[in-house]
Amino acid sequence: MTISTYPWWKDSTVYQIWPASYKDSNGDGFGDIPGIISTLDHVKNLGTSVIWLSPHYASPQDDMGYDISDYEAIYEKYGTMEDMDKMIDEVHKRGMKLIFDLVINHTSSEHAWFKESRSSKDSAKRDWYIWKKPRYDEQGNRHPPNNWMSYFSGPAWEYDEATDEYYLCLFAKSQPDLNWENEATRDAIYKSALEFWFKKGVDGFRIDTAGMYSKDQRFLDAPIVFPDQEWQPSNDYTTNGPRIHEFHKEMFAKVTSNYDVMTVGEVGHCSKEEALKYVSAKEKEMNMMFLFDIVEAGCDTKDRFRYHGFKLKDVKDAIFNQCDFIKGTDAWSTVFIENHDQPRSVTRFGNTDNKLLLFKSAKLLSILQTTLTGTLFIYQGQEIGMTNLPRSWDISEYKDINTINYWDAFKKKYPNDPKKAEELMDLINLLARDHARSPVQWDDTLHGGFTTGTPWTRVNDNYPEINVKAQTGDPNSVLSFWQKSIKVRQFYKDVFIHGDFEILDYENEKTFTYVKTSPDSKAYIVLNFSNENVAFKPLIDGEFKLINSNVDDVKEEQLTPYEGRVYLVQ
């Protein structure tokens, strides 16, 4: 394959598809690959140049495909390998590229590797996973090797009675962590999870949990962060570990560098110095990374449901960190405010009190996203302003393993506290991953046109008002505004995609004003994130030319609630 000299991924607009909830073609209630193929023109017409497909691999689906039982097979409800070959071809025919999810911190416990590993302590693949002996207290009671907490609640260790050892599972019990210390394991991962798909023409990967492969081999107890519980966050020993950069450099050298592809790593949290180790071009690890500063605004980074709220200043801090760490370096950044693990942005950062404000604030967020530096990522349904699920829904409507496990642990701890239960439901309704996983609303027919059968999870009640069909061709719709904003971004790419970023009103809790500059251009962006009219007076001198706004009647001296404007400045 010829390696292009210009990194095409920098100017790309990436559209994420989470297959289970995207489009069902056969009425079984699950989205599938033929359903995706049938909507590729919608994705292309948005202004997309790259599709990111979330896990499509063979899987028991305990964690919606992030528990992979075979990297080289397709989950049967999504289709066949022939369907996938056709999708790769159809995406490329439309001039787009296709990247997959690379889930290689762990596999499913149903993967053949793990079945062999757990079969015996003497298995040739025993050390392909992380096995440790139990600890015993003075009374002879068995305990896990340390106090690490699973990201899905409870201990991060599962006992295997047959071999009398625990295996590490930082996520679900059915997601055992691979042992990256073993070179044979790494080589098998590269061959099965990467090379297999690169040879089929896939254009890159979003690398799941990219900072977690290297564990501190001492396996010490984690510090007590949450005194009210036994199990503690293990981040100090499981993220950005001692060999993580060695592993990424090896993966790049052995595999990725041989292809003209893009890689984006899910790292989440790290310092500027640490971030540059991952994505500086000279480091030869990955092209760019996702940092969670913006999507986790107001949340405890170790527990999303420990929520303390945020101010606009916090959002500015997060976006500054997202944009600024690459300034003056050879690194690259990402722009995103939604994905499959986060609630809907218009509910989190906009205003859903009524339809007018919902659509207006969804457009405001579009202006924000399309004027920031880096590669732009859009999540399915974001382009029409899909919202969080209704607060009136019962906990039984939530299907995500993270939500379910958290709720179950809470009920075990507080079995008879309805006040606390309502407070947790408020947080689940605001922050759960389930909100992104509600099916895409295609039209106003039953189940939003997602399926002709019974959907695997309930469609949001507001599908008659918010759907693709209603917004397609409507010049005033959120969808049309996204299309326009992406065109503006691409037309002025030097300043919006590549320009430097400077906040002008950092202390202001109502407006967010910033300047983007390139060698030849300057843009001035002002966003009113309040529910009030705000006086508008430019904070810099120059001749202002309006090139984008989410209102038709722009009053020069006043910003209406959730109004946004983009000016070029001479």
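Every chain's residues receive numbers from 1 upward, in the order its sequence appears when written. Under the rules for a predicted model, residues below a pLDDT of 70 receive no local features and side-chain atom pairs below 80 are neither given nor counted, while totals for whole chains, interfaces and linings still include all residues. Remark: hydrogens and water are excluded; side-chain values derive from all non-hydrogen atoms of the structure.

**Here's the deal with the overall build of the protein chain**
Right, so step 1: Numbering of helices and strands starts at the N terminus; helices are DSSP runs of H or I of at least 4 residues and strands are runs of E of at least 2. Helix and strand counts for the protein chain stand at 16 helices and 24 strands.
Right, so step 2: Each radius of gyration reported is based on C-alpha atoms, and the globular scaling rule is 2.2 Å times the count of residues to the power 0.38. For a compact globule of 570 residues, the expected C-alpha radius of gyration is about 25 Å, and the protein chain comes in at 24 Å, within 12% of that figure.
Right, so step 3: A principal-axis box enclosing the C-alpha atoms of the protein chain has dimensions of 75 × 60 × 50 Å.
Right, so step 4: The buried label goes to any residue with under 20% of its type's maximum accessible area, the exposed label to any with over 50%, and the partly exposed label to all in between, with areas taken from a 1.4 Å probe on protein chains only. Within the protein chain, the fraction of its 570 residues that count as buried is 61%.
Right, so step 5: We call two residues contacting when some pair of their heavy atoms lies within 4.5 Å. Excluding contacts between residues fewer than 6 apart, the proportion of contacts in the protein chain whose partners are at least 24 apart in sequence is 70%.

**Brief notes about the sheet that holds strand E5 (residues 97-102)**
Pairing between sheet strands relies on hydrogen bonds along the backbone, with the strands arranged either parallel or antiparallel.
Right, so step 1: Read from one edge to the other, the open sheet built from eight strands follows the order E13-E12-E11-E5-E2-E1-E17-E16, with strand pairing classed as parallel. Both edges of this open sheet fall to strand E13 (288-291) and strand E16 (334-335), since each of them pairs with a single strand only.
Right, so step 2: In this structure, strand E1 (residues 13-17) lies alongside strand E17 (residues 375-379), joined through four bridges in parallel fashion. When the sheet's bridge partners are listed, Thr13 is paired in E17 with Leu376. In this scheme, strands are said to pair when DSSP sees at least two bridges between them.

**Digging into the domain arrangement of the protein chain**
Frequently, the measure chosen for interface size is the accessible area that the parts lose on association.
Right, so step 1: According to the domain assignment, the protein chain contains domain 1 (13-108 + 183-394 + 439-478), domain 2 (112-168), domain 3 (395-431) and domain 4 (499-569).
Right, so step 2: The start and end points of each domain follow an automatic or database-based domain assignment. Of note, the centres of domain 1 and domain 2, computed from C-alpha atoms alone, are 30 Å apart.
Right, so step 3: Each side of the interface is counted separately: domain 1 has 29 residues, and domain 2 has 20 residues.
Right, so step 4: What counts as buried area is the accessible surface, traced by a 1.4 Å probe, that two parts surrender upon association, with contributions from both included. Across the domain 1/domain 2 interface, buried area totals approximately 1900 Å², and carbon plus sulfur atoms make up 64% of it.
Right, so step 5: Area buried by domain 1 at its contact with domain 2 is led by Phe219, Asp221 and Trp231, which between them contribute 36% of it.
Right, so step 6: Whenever a carboxyl oxygen of Asp or Glu lies within 4 Å of a side-chain nitrogen of Lys or Arg, that contact is scored as a salt bridge. Its salt-bridge partner being Asp221, residue Arg135 comes within 3.3 Å of it at the nearest N-O pair.

**A short note on the sheet that holds strand E9 (residues 157-160)**
Right, so step 1: Read across the sheet, three strands follow the order E6-E10-E9 without closing on themselves; strand pairing throughout is antiparallel. Because the sheet does not close on itself, it has two edges, and the strands there are strand E6 (131-132) and E9.
Right, so step 2: For E9 and strand E10 (residues 165-168), the ladder comprises four bridges, and the chain directions are antiparallel. Looking across to E10, one finds that Asp160 is bridged to Glu165.

**With respect to the packing of aromatic side chains**
Right, so step 1: What counts as a ring pair is set by centres within 6.5 Å for rings of Phe, Tyr and Trp (its six-membered ring), and what kind of pair is set by the plane angle: stacked under 30 degrees, edge-to-face over 60, tilted for all other angles. Summed over the entire model, instances satisfying the criterion amount to 44 aromatic pairs.
Right, so step 2: Taken together through their ring pairs, the aromatic side chains of Tyr57, Tyr71, Phe100, Trp113, Trp128, Phe196 and Trp197 make up a single cluster.
Right, so step 3: In our convention, an over-ring charge means Lys NZ or Arg CZ found within 6 Å of a ring centre and within 35 degrees of that ring's normal. Over the ring of Trp128 we find Lys125; its NZ or CZ atom is 4.7 Å from the centre of that ring.
Right, so step 4: A cation over a ring is seen here: Arg565 above Phe536, with NZ or CZ 4.9 Å from the ring centre.

**Observations regarding the side chain of Asp24**
Right, so step 1: By secondary structure assignment, the location of Asp24 is in the loop between E1 and helix H1 (33-38).
Right, so step 2: Although Asp24 lies buried, it forms no salt bridge, and the closest oppositely charged side chain, Lys23, sits 7.6 Å away as judged by the N-O distance.
Right, so step 3: Here Asp28 takes part through its backbone nitrogen, which lies 3.1 Å from a polar atom of the side chain of Asp24.
Right, so step 4: In the analysis that follows, any N or O atom pair within 3.5 Å is treated as a polar contact, provided that within protein one partner can donate a hydrogen and the other can accept it, and provided that, for residues neighboring in sequence, both atoms belong to side chains. Among the polar contacts made by the side chain of Asp24, one reaches the side chain of Thr451 at a distance of 2.5 Å.
Right, so step 5: Ignoring sequence-local partners within four residues, the contact set of Asp24 consists of Gly29, Phe30, Gly31, Asp32, Phe450 and Thr451. Counted as positive: Lys and Arg. Counted as negative: Asp and Glu. His and the chain ends are not counted at all.

**Some thoughts on the pattern of salt bridges**
Opposite charge on two side chains makes pairing possible when the charged atoms of those side chains draw close.
Right, so step 1: Under the criterion given, the structure shown has 46 salt bridges.
Right, so step 2: Between Asp216 and Arg218 there is a salt bridge whose closest N-O contact spans 2.8 Å.
Right, so step 3: The residue Arg458 makes a salt bridge to Glu397 at a minimum N-O spacing of 3.0 Å. Here Arg458 is found in the loop between helix H13 (418-431) and helix H14 (468-471), whereas its partner Glu397 is found in the loop between E17 and helix H12 (401-413), with 61 residues between them in sequence.

**A closer look at empty space enclosed by the protein**
Right, so step 1: In the cavity and pocket records, a cavity denotes points on a 1 Å grid over the protein atoms alone where a 1.4 Å probe fits but cannot get out, a pocket denotes an open set with protein on both sides within 12 Å along at least 5 of 7 lines, and lining residues are residues with an atom within 4 Å of a point. Grid points are joined across faces, edges and corners, and a volume is the space filled by probe spheres set on the points. Following the criterion strictly, the structure yields six cavities of 30 Å³ or more and no others.
Right, so step 2: As a volume, the largest cavity reaches approximately 70 Å³.
Right, so step 3: Lining the largest cavity are 13 residues, with Asp434, Arg437, Ser438, Trp456 and Thr457 sitting closest to its centre.
Right, so step 4: Three classes are used: nonpolar for Ala, Val, Leu, Ile, Met, Phe, Trp, Tyr, Cys and Pro, charged for Asp, Glu, Lys and Arg, and polar for all others, with Gly counted as polar. A class-by-class count of the residues in the lining of the largest cavity yields five nonpolar, two polar and six charged.
Right, so step 5: When we break the lining of the largest cavity down by domain, the ones giving at least three residues each are domain 1 (13-108 + 183-394 + 439-478) and domain 3 (395-431).
Right, so step 6: Quantified by volume, the second largest cavity comes out at close to 60 Å³.
Right, so step 7: Lining the second largest cavity are Ile337, Glu338, Ser345, Val346, Ala362, Leu365, Ser366, Gln382, Gly385 and Trp482.
Right, so step 8: For the lining of the second largest cavity, the secondary-structure elements that each account for two or more residues are helix H10 (345-349) and helix H11 (355-370).
Right, so step 9: In terms of residues, the lining of the second largest cavity owes the most to one element, H11, which gives three residues.
Right, so step 10: Partitioned by chemical class, the residues of the lining of the second largest cavity number five nonpolar, four polar and one charged.

**Considering the environment of Met84**
Right, so step 1: Among the structural elements, Met84 can be located in helix H3 (residues 81-93).
Right, so step 2: According to the relative accessible area criterion, Met84 is buried, its value standing at 0%.
Right, so step 3: Between the C-alpha atoms of Met84 and Leu98, which are 14 residues apart in sequence, the distance is 11 Å.
Right, so step 4: Among all residues touching Met84, those that are not within four sequence positions of it are Ile33, Leu53, His56, Ile74, Phe100 and Trp197.

**Some remarks on the packing of helix H5 (residues 183-198) against helix H7 (residues 244-254)**
Right, so step 1: Axis angles are defined between N-to-C directions and span 0 to 180 degrees, where every axis is a line fitted to C-alpha atoms and, for a helix, only to the segment in contact. Interaxial distance between H5 and H7 falls to 11 Å at its minimum, and their mutual angle equals 50 degrees. What the angle tells us is that H5 and H7 run oblique. Like other packed secondary-structure pairs, H5 and H7 cross with a definite hand, here right-handed. The residues of H7 that touch H5, namely those facing Glu183, Arg186, Asp187, Tyr190, Leu194 and Glu195, are Phe247, Glu250, Met251 and Lys254.
Right, so step 2: Its residues assigned to classes, the contact of H5 with H7 comprises four nonpolar, no polar and six charged. Comment on the angle field: the value is read as roughly parallel under 35 degrees, roughly antiparallel over 145, roughly perpendicular from 65 to 115, and oblique elsewhere. A clockwise turn of the near helix away from the far one marks a right-handed crossing, whereas an anticlockwise turn of less than a right angle marks a left-handed crossing.

**Some points on helix H8 (residues 272-279)**
Right, so step 1: Looking at H8, one finds that the buried residues are Glu274, Ala275, Leu276, Tyr278 and Val279.
Right, so step 2: Turning to H8, the residues buried within the fold contact H7, strand E12 (262-268) and E13.

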